[in-house]
Amino acid sequence: MKYTVKTFITNSGERFSQLYEADTPGFPLFYPTAFIARSIRPSATHETQKVYLAAIKRVSEWESRRNIDLALRFHNRSFFSAAEIDDLTNYLRKRKLSDKGSVISSPKYNTYVAYAAAYLRWLALEVINDSNTRDVRDAIETQDTMLLKKKRRKTGSKCAHEQTILAARLSPEARNQLLDCFEQPFTGIRKPQDFGPRLRNLVMLRIIYETGIRLGELLSLKLKSFIEASGGDSAYLHIQRNHHDAVDTRLNQPVAKTLGRVVPISERLEDQLKEYRDNWRSEIPRVGFSDEDFIFVVHRGGRSQGKALQKTAFGTGLINLKRSYPALLLIHPHLLRHDWNYRFSKQADREGMPFEQERTLREQLMGWAPDSPMSRLYNRRHIEEKSYEFGLIIASDTARISI
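On a predicted model such as this, the values are computed, not experimentally measured, just so you know.

### Structural notes on the overall build of the protein chain
Then step 1. Of regular secondary structure, the protein chain possesses 15 helices and 5 strands.
Then step 2. For the C-alpha atoms alone, the extent of the protein chain along its principal axes is close to 80 × 70 × 40 Å.
Then step 3. Relative to its full complement of 403 residues, the protein chain shows a buried share of 43%.
Then step 4. Restricting to contacts in the protein chain with at least 6 residues of sequence separation, those with at least 24 account for 62%.
Then step 5. For the protein chain, the exposed area adds up to about 22,000 Å²; of that, 53% sits on carbon and sulfur atoms.
Then step 6. Within the protein chain, the 48 negative side-chain charges are centred at a point lying 5 Å from the centre of the 64 positive side-chain charges.

### Thoughts on the pairing of strand 5 (residues 261-264)
Then step 1. Alternating positions in strand 5 separate cleanly, R261 and V263 being buried on one face and V262 and P264 remaining unburied on the opposite face.
Then step 2. Here strand 4 (residues 236-239) runs beside strand 5; their pairing, made up of 4 bridges, is antiparallel. Within the sheet, the bridge partner assigned to Y236 lies in strand 5 and is P264.

### Describing the side chain of H46
Then step 1. Mapped onto the fold, H46 is located in helix 2 (residues 46-65).
Then step 2. Among the residues examined, H46 registers a relative accessible area of 8% and is labelled buried.
Then step 3. In terms of polar contacts, H46 uses its side chain to reach the side chain of S17, at 2.7 Å.

### Some details on a nonpolar patch on the surface
Then step 1. Taken together, the side chains of F390, I393 and I394 make up a nonpolar region of the molecular surface, amounting to roughly 330 Å² of accessible area.
Then step 2. Note on placement: I394 falls in helix 15 (residues 373-396).

### Some remarks on the environment of L223
Then step 1. Inspection of the secondary structure assignment puts L223 in the loop between helix 10 (215-219) and strand 3 (226-227).
Then step 2. Between the C-alpha atom of L223 and that of L178, which follows or precedes it by 45 residues, the distance is 25 Å.
Then step 3. Setting aside anything within four residues of it in sequence, one finds L223 in contact with R277, R281, G288, F289, S290, D291, D293 and I295.

Rules used throughout
- Residues numbered from 1 in each chain as written.
- Predicted model: local features only at pLDDT ≥ 70, side-chain atom pairs only at ≥ 80, totals over all residues.
- Heavy atoms only, no water.
- Helix = DSSP H or I, 4+ residues; strand = E, 2+ residues; numbered from the N terminus.
- Buried < 20%, exposed > 50% of the residue type's maximum accessible area, 1.4 Å probe, protein only.
- Contact = heavy atoms within 4.5 Å.
- Areas by Shrake-Rupley, 256 points an atom, 1.4 Å probe, with all protein chains shown as cover.
- Lys, Arg positive; Asp, Glu negative; His and termini not counted.
- Charge placed at Lys NZ, Arg CZ, Asp CG, Glu CD.
- Pairing = 2+ DSSP bridges.
- Polar contact = N/O pair within 3.5 Å; in protein donor to acceptor, adjacent residues only side chain to side chain.
- Patch = residues over 30% accessible without salt bridge, like charges linked within 9 Å, V, L, I, M, F, W, Y side chains within 5 Å.
- Salt bridge = Lys/Arg side-chain N within 4 Å of Asp/Glu carboxyl O.

Here it is in structure tokens:
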């Protein structure tokens, strides 16, 4: 049996998803819906809920293919055998719509195992009478432990992963090409309908480059978020937490994962934002002009014209830009965020900024909580470079030794 996850928006703007039988109209699956509503939805974001449902969807598919009724099995106090645990986790790891034998990444698989285990533990406790008795509790704990032991060890060390983050930055070729595109956004454009989307896409990239904000924060910017320069103060963008925004009609709502904050922008970016808003965005049919309307919208004709831009549409625009400029091939929004942190560290070094001040300013501009692990990680670059310079001085002492 096939299953599908459907997403809905409440009148308050909250997003929620449910699991359905794909070929049977009607109500969502009872137990997955109850689990999400009672155990996950109160404390997890919608994105996390969807990952839980993706794992439960695979459990339901496995259950159907093996002709098993898990609720009935658990009600009768019949738990998984070791062979069934292996079979289920192998199914969780299979990559759908791909080559036979292909598997998903280990981190994704580990998440599926953990979320599936949480659901199955909840289901057993839900359907078994007298589930608080010692023998039942022990059986559920044993099944849960067997499942979680199937998680795969992470490949590579944490230190190596952190070094990869610290080293992530734009290549000189990509940086030069990107800066050229920022200043000459219409180079190579011939069709009139392509001018607006090109400027929109490059203004969006420039915002990430200049501020280091996340893609979800970028797509959530509203007309009221852009504050023009006045009274000697520079222009800035106001980033706000926006979960369950009732104005946002996108089912897969881009959200700001970080704290609200103000981020300054350059005078040139301010000019380009005004140019896009006043000369290109304003000409799109059905576009809104209230403070609550989004800055970046769909230009092409169709039902979504004038509505807030989707993540997928931005991704398509970036792919088209890379086709025109191969030097940008490796660019993606998070790489620009890493590059911003690299440039911030270099500027802090040039100014001789104390370590604690560098950390505090970085946390504020990135929207991180005080003493954020990511802030400490990025600041480690400063320590490593300084230790290298000092170590080189010590090592060079040998060159002055005379016998």
